[in-house]
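# Descriptive analysis of the structure
Spelled out, the chains give:
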Amino acid sequence: MEVTKVINATRDFKIGEMETHALRGVNLSIEDGEFTALVGPSGSGKTTLLQLIGLLDQPTSGQVYINGNDATRLNRNQRADLRKGTIGFIFQFFALIPTLTAYENVEMPLLLNGTKPAERKKRVNEVLEAVGLSDRAHHRPDQLSGGQQQRVAVARALAINPRVILADEPTANLDTENGKQVMDIMQRLNKETGVTFVFATHDPRVIDYANRVVTLQDGLITNDSKSNGKH
Amino acid sequence: MSQLFKMAFRDLGRNKRRSILSALAVSIATTLLIFMASVVRGEFRGALQNGIRLQTGHLQVRAASYDENKVSLAWEDLVENPAQVTDQLKALPQVVDATPRLIASGILSLGDNSRGVQVIGIDPAAEANQIFRQGVIAGEFLAGDDREGVLIGKPLADKFALNIGDRVNLLINTSNGDVDEQLFTVRGIYTTNVFPYDENTVFMPIAKAQAFASAENHASLIFVLLKDQEQTEPVAAALKSSNYQIVTWQDLNELSVQFEQFAGAYMVILYLIILGITATVVTNTLVMAVYERTREIGILSAIGMKGRRIMAAFLTEAALLATGGVVGGLVLGGLITAWVSSVGLAIPAAQGVTGILLGDKIYPYITAQDVISLTITAYVITLIASLYPAMLAARMEPVEALHAQ
């Protein structure tokens, strides 16, 4: 079943007098359970496409469907509602709230979608265990390594049982060992829970994990290929 | 909700010095508001109490035709047989004391110096006049049968370089419209610590004043003190008669009351200036916080936090700042006010103000209502000041916020 569909999406940015065409008519459909890599050089439009799918941004033209809803017709609050029930995010920088512990960071999206306290506690512990950080639950981000912080971010993205997790360069700021750990966890979660992953990357070691690789160049999809993925 | 408070509290702790300075700004503002309000209230409360104790009493009984501004001594304008009226008044259970006073305009002169004064004939034995006996700082108080002695205020004695036993000339209007003059001996020098009163008022026994002004067995007014100020209106209503006018302390201190209202309006402007400065500090602190946390706002927005909740997070921070600041300000303001009200705040003699009996010290005084209204004001202003940064945070586009450095 289709999780998200992008139809003929363009995205233009105007900086001063200069207009940049970040996306120039992209069509993409992601099915449930995919582990898809968006690849391409810097400025190819990977992050912009990920932001459109994640409803963080709106296309200049074209449509973005999530769960069958045309997101381009939704207002800001409706998009926020759809995000908090459907989409998990992992960012390149370790996007945790520094004043909250690992546990509280993971709990935040559950608080926002109104999950009851007992259920919340159970779920937070589950996902922290899934990323191997149960023993670090009450540490603040500055007490965790980069790899551990990114694993907390994975747990946070997973907490709401999303249909899709979007990851923007999830290993870019990690060393090889930590990058591998994060990718192994993401792949395992994809296989065990069936949650769809779409991640932007230009790291060849990460691309190897994907079972679908979508290549972008100058705002257009130039290649879309399926593989068995690593392992 | 508790998560909101927890986050706000921890966020304030991220830049402790800045948060403490902002809370301090709110504290200082609240302290100033409390202290200024208490000084103004204390000043007018003191002036009113001075007016009541020295000049007006709680009630005055006067002849129906008496005009205070003319200080008439014509018999038809005076209370006849004041002893009888006084006795009747003293019989009322609410009355502490009732005593006749004869008031005349006069000129005190010594050599080439002269000065207009108010000459008041009093019953030296009356309880209501013991305040003047207690205020004697040199010489002695008047005796009822003294026919030559006067009691003068310290500022007047200083002005004329008078000592006990010195003789001065007093000229006054009399009941038949003439003037009369006589030499008097300074028996005593008094102070009530109310400069404008002491500077203008000369006392002599009422029997002598009546003889001097040709107003035998008459008084300008009966000065009445009540046990409870609040009973003024019912007692005044009970005393109402066609022969006399009954004037209450509210009527007689109208100028003080009006001046207090004027001062109150003026103080509101000062309050707003202080609160405006505080609001700027709070706004600045929170705007800096918003810009520092732009990326976090982007993250929260990305995981589904709506603008309304982001706004609530910053308002909660402001509320915590305001709470810390206001509580600190209440404690500090309360302590300063309590200390100053015990020692008094010296003010230069209010020589220019007539009709308002400001003492030489202000004893700050604050009511619960003042504290509540100032607390609410400081709180509300702090929250209003945080609205702009909170809205700034709430309106951030997630994509732009996420890309902030």
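The coordinates are above.
### Structural notes on the overall build of chain A
- Within chain A, the secondary structure is distributed over seven helices and ten strands.
- Taken over the C-alpha trace, chain A has a radius of gyration of 17 Å; the compact-globule value for 231 residues is 17 Å, and the two agree within 12%.
- Taken along its principal axes, the extent of the C-alpha atoms in chain A is 50 × 40 × 40 Å.
- In chain A, which comprises 231 residues, the share counted as buried stands at 55%.
- Residue pairs in contact within chain A that sit at least 24 positions apart in sequence constitute 68% of those at least 6 positions apart.
- Working note: accessible area of chain A is about 9800 Å², and carbon and sulfur atoms make up 46% of it.
- In chain A, 27 positive and 27 negative side-chain charges are present, and the distance between their average locations comes to 4 Å.

### Section: the sheet that holds strand S1 (residues 2-15) of chain A
Residue and element names in this part refer to chain A.
- Here we have four strands laid out as an open sheet, ordered S2-S1-S4-S5, and antiparallel in their pairing. Each of the sheet's edge strands pairs with one partner strand only, and the pair in question is strand S2 (18-31) and strand S5 (69-70).
- In terms of strand pairing, strand S4 (residues 61-66) meets S5 through two bridges, oriented antiparallel. Its bridge partner being in S5, isoleucine 66 is matched across the sheet by asparagine 69.

### As for the nonpolar core
- In terms of nonpolar packing, the biggest core is built from 71 residues, with Leu28(A), Leu38(A), Leu49(A), Phe91(A), Met108(A), Leu166(A) and Phe314(B) touching the most fellow members.
- For this core, the leading source of residues is helix H10 (residues 254-292) of chain B, giving ten residues.
- In this structure Phe91(A) touches Leu56(A), Gln150(A), Asp168(A), Ala302(B) and Leu402(B), once residues within four positions along its chain are discounted.

### Thoughts on empty space enclosed by the protein
- Going through the model one piece at a time under the given rule, you end up with five cavities of 30 Å³ or more.
- Empty space within the largest cavity amounts to approximately 120 Å³.
- Considering the residues around the largest cavity, the lining is formed by Ile97(A), Met7(B), Asp11(B), Arg293(B), Glu296(B), Ile297(B), Leu300(B), Met305(B), Ile310(B), Ala313(B), Phe314(B) and Glu317(B).
- For the lining of the largest cavity, the secondary-structure elements that each account for two or more residues are helix H1 (2-14), helix H11 (294-302) and helix H12 (307-343) of chain B.
- Sorting elements by how many residues they give to the lining of the largest cavity places H12(B) first, with four residues.
- Classifying every residue of the lining of the largest cavity gives eight nonpolar, no polar and four charged.
- Computed from the structure, the second largest cavity encloses a volume of approximately 90 Å³.
- As for the second largest cavity, its lining consists of 15 residues, and the residues nearest its centre are Arg76(A), Ala80(A), Arg83(A), Ser301(B) and Pro398(B).

### Overview of the pattern of salt bridges
- Here the structure, examined in full by the defined rule, presents 28 salt bridges over all chains.
- Residue Glu397(B) pairs with Arg76(A) through a salt bridge whose shortest N-O separation is 3.2 Å. Taken as a pair, Glu397(B) in the loop between helix H13 (368-394) and helix H14 (398-402) and Arg76(A) in helix H2 (residues 76-86) lie in two separate chains rather than in one.
- Among the ionic pairs, Arg14(B) bridges to Asp11(B), the shortest N-O distance being 2.6 Å. Residue Arg14(B) and its partner Asp11(B) are located together in helix H1, separated by three residues, close to a single helical turn.
- You can call Arg14(B) partly exposed: its relative accessible area is 36%.

### Comments concerning the environment of Ala393(B)
Residues and elements named next belong to chain B.
- Here alanine 393 shows up in helix H13.
- The spacing of alanine 393 and glutamate 292 is 101 residues in sequence and 11 Å in space, taken between C-alpha atoms.
- Excluding residues that lie within four positions of it along the chain, alanine 393 makes contacts with Val290, Ile297, Ile310 and Phe314.

### Looking at the side chain of Asp198(B)
All names here are of chain B.
- Mapped onto the elements, aspartate 198 comes out in helix H6 (residues 195-200).
- No salt bridge is formed by the buried aspartate 198; the nearest opposite charge belongs to arginine 53, separated by 8.7 Å.
- The residues contacting aspartate 198, other than those within four sequence positions of it, are Gly153, Lys154, Pro155, Leu156, Tyr190, Thr191, Thr192 and Asn193.

### Quick look at the interface of chain A and chain B
- With 28 residues of chain A at the contact, the number on the chain B side is 26 residues.
- Both sides of the chain A and chain B interface together cover about 2400 Å² of buried area, and 61% of this is carbon and sulfur.
- Of all residues in chain A, Arg76(A), Thr99(A) and Leu112(A) bury the most surface against chain B, accounting for 23% of the area lost on that side.
- Between chain A and chain B we count four salt bridges in total.
- We note a salt bridge from Glu104(A) to Lys6(B), for which the minimum N-O separation is 3.1 Å.
- Listed by contribution, the elements that provide at least two residues to the side of chain A that touches chain B are helix H1 (46-53), H2 and helix H3 (102-112) of chain A.
- In terms of residue class, the side of chain A that touches chain B is built from 14 nonpolar, five polar and nine charged.

Reading the values: the criteria
- Residues numbered from 1 in each chain as written.
- Chains lettered and ligands numbered in written order.
- Predicted model: local features only at pLDDT ≥ 70, side-chain atom pairs only at ≥ 80, totals over all residues.
- Heavy atoms only, no water.
- Helix = DSSP H or I, 4+ residues; strand = E, 2+ residues; numbered from the N terminus.
- Rg over C-alpha atoms; globule rule 2.2 N^0.38 Å.
- Buried < 20%, exposed > 50% of the residue type's maximum accessible area, 1.4 Å probe, protein only.
- Contact = heavy atoms within 4.5 Å.
- Areas by Shrake-Rupley, 256 points an atom, 1.4 Å probe, with all protein chains shown as cover.
- Lys, Arg positive; Asp, Glu negative; His and termini not counted.
- Charge placed at Lys NZ, Arg CZ, Asp CG, Glu CD.
- Pairing = 2+ DSSP bridges.
- Core = buried A, V, L, I, M, F, W, Y, C linked by side-chain atoms within 4.5 Å.
- 1 Å grid on protein atoms, 1.4 Å probe; cavity = no way out; pocket = protein on both sides within 12 Å on 5 of 7 lines; lining within 4 Å.
- Points joined across faces, edges and corners; volume = space filled by probe spheres on them.
- Nonpolar A, V, L, I, M, F, W, Y, C, P; charged D, E, K, R; others polar.
- Salt bridge = Lys/Arg side-chain N within 4 Å of Asp/Glu carboxyl O.
- Buried area = accessible area lost by both parts, 1.4 Å probe.

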